[in-house]
Each structure stands twice: as C-alpha cells, then as structure tokens.
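# Summary of structural features
Given next are the chains, with one letter for each unit.
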Amino acid sequence: MIKKNAQIEGQNGKPILIDYTYSKRFTNQELVIFCHGYKGFKDWGAWHLIAEAFAEKGIAFLKFNFSHYGGTLESPSTFEDLQAFGQDNYSKQLNDLGLVIDWVEREFATNPHIITKNLI
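Computed from a prediction, not measured in an experiment: that's the story for all the values here. By convention here, each chain's residues receive numbers from 1 onward along its written sequence. With pLDDT at 70 or above as the cut-off, local features in this predicted model cover only qualifying residues; side-chain atom pairs require 80 or more to be listed or tallied, and sums for whole chains, interfaces and linings still use all residues. Water and hydrogen atoms play no part in the side-chain values, which are based on all heavy atoms of the structure.

### Quick notes on the overall build of the chain
Counting its secondary structure elements, the chain contains 3 helices and 4 strands. Tracing the chain from N to C terminus, the helices and strands come up as β-β-β-α-β-α-α. The globule rule used for comparison is 2.2 Å times the number of residues to the exponent 0.38, while the radius of gyration itself is calculated over C-alpha atoms. Against the compact-globule benchmark of 14 Å for 120 residues, the chain has a radius of gyration of 14 Å, which places it among compact chains. C-alpha atoms of the chain, sized along the principal axes, occupy 45 × 25 × 20 Å. The buried label goes to any residue with under 20% of its type's maximum accessible area, the exposed label to any with over 50%, and the partly exposed label to all in between, with areas taken from a 1.4 Å probe on protein chains only. Every one of the 120 residues in the chain was classed for burial, and the buried ones make up 42%. Within the chain, contacts between residues at least 6 apart in sequence are counted, and of these 69% link residues at least 24 apart. Only the protein chains shown count as cover for residues, with accessible areas throughout obtained via the Shrake-Rupley method and a probe of 1.4 Å. Only carbon and sulfur atoms are counted for the fraction: they give 52% of the accessible area of the chain, which is about 6,700 Å². Across the chain, the centroid of the 12 positively charged side chains sits 6 Å from that of the 14 negatively charged ones. The numbering of helices and of strands both runs from the N terminus, where a helix is a DSSP run of H or I of at least 4 residues and a strand a run of E of at least 2. It only takes one pair of heavy atoms within 4.5 Å for two residues to be counted as in contact. Neither His nor the chain ends contribute to the count of charged residues, in which Lys and Arg are positive and Asp and Glu negative. The location of each charge is read from NZ of Lys, CZ of Arg, CG of Asp or CD of Glu.

Structure representation (structure tokens):
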C-alpha cells in the first residue's frame, strides 16, 4: 500500500493539503478524488479507512483540504483560520478542485499504477 502526502498552492496563496493511497498490486487504477463538505477536512472521521478499502480493491483514493476550509498547516485538523473560512465560497472551492485535477494529471502522468483519463 502506497500512502503519500503533497501540498500545492491554492487561492490567495493558501495551501491545499493532499494525500493519496493506492496499491502496488494493480496497474491502471482509476482515481477517486474525495472533496470534503462544509466545515469538513480530509482527515475527519474514517476517510483514511475508506481510502485504504478503495486501494485494496484496486481504486486509488485522493483526499484534500480546500484552501479556505479553516485549518492551518500547523493544525490541519482544527478550525483555527476563521478569516480564511469567512472568505471561503463555492467559486474558490471549484478553483481548488481544478488545481488538484491539474496536479493529479501531472503527478501521475507516468505512474503505471494510476490512470487519470476517467477521474471519479
């Protein structure tokens, strides 16, 4: 099982934290991109277990925090950046998702385990 973390720049220079999980046992795995909900974050609840379950079945799983979700690099699982959260909106989240998709297409372009032509 491969588990990796990454960080890219989102709106207003705010970071987008990414982690992904996949299995080395499979090639050409489709990739699920999980987007958390309002006041959510990628590490809440059992999403890490869901990522592992998908990977065990041959489906790569990526989760990320939107740039203005309210957490910080120092405390990604708490709600401390109220200013950023107050500026969050659907347009920012769509832009962040586009940045994540662009990153995915570059990051996995030569990875034989993950295909990006049919993102889920």
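We are not done yet, so read on.
### Looking at the pairing of strand β4 (residues 60–64)
By the criterion of burial, β4 is predominantly enclosed, with 5 of the 5 residues buried. Here β4 shows no split at all, with Ala60, Leu62 and Phe64 on one side and Phe61 and Lys63 on the other all buried. The pairing criterion is simple: DSSP has to find at least two bridges between the two strands. Judged from the 4 bridges that link them, strand β2 (residues 15–22) and β4 form a sheet pairing that is antiparallel. Pairing of Thr21 across the sheet is with Phe61, part of β4. The handedness of the strand β3 (residues 31–35) to β4 crossover, carried by helix α1 (residues 47–56), is right-handed. Looking down the strands as they point away from you, a crossover is right-handed if its path from the first strand over the helix to the second goes clockwise.

### Some details on unusual backbone geometry
At Asn12, a position not held by glycine, the phi torsion is positive, near 55°. Tracing the backbone shows Asn12 in the loop between β1 (2–9) and β2. Judged by its relative accessible area of 59%, Asn12 is exposed. Of note in this structure, Asn28 is not a glycine but carries a positive phi near 50°. Residue position: Asn28 is located in the loop between β2 and β3.

### Looking at the pattern of salt bridges
Take a side-chain nitrogen of Lys or Arg and a carboxyl oxygen of Asp or Glu: if they are within 4 Å of each other, that pair is a salt bridge. In this structure the tally under the stated criterion is 5 salt bridges. In this structure, Lys42 and Asp43 form a salt bridge, with 2.9 Å as the shortest nitrogen-oxygen distance. Given the relative accessible area of 34%, Asp43 is considered partly exposed. Where salt bridges share partners, they join Asp19, Lys42, Asp43 and Lys63 into one cluster.

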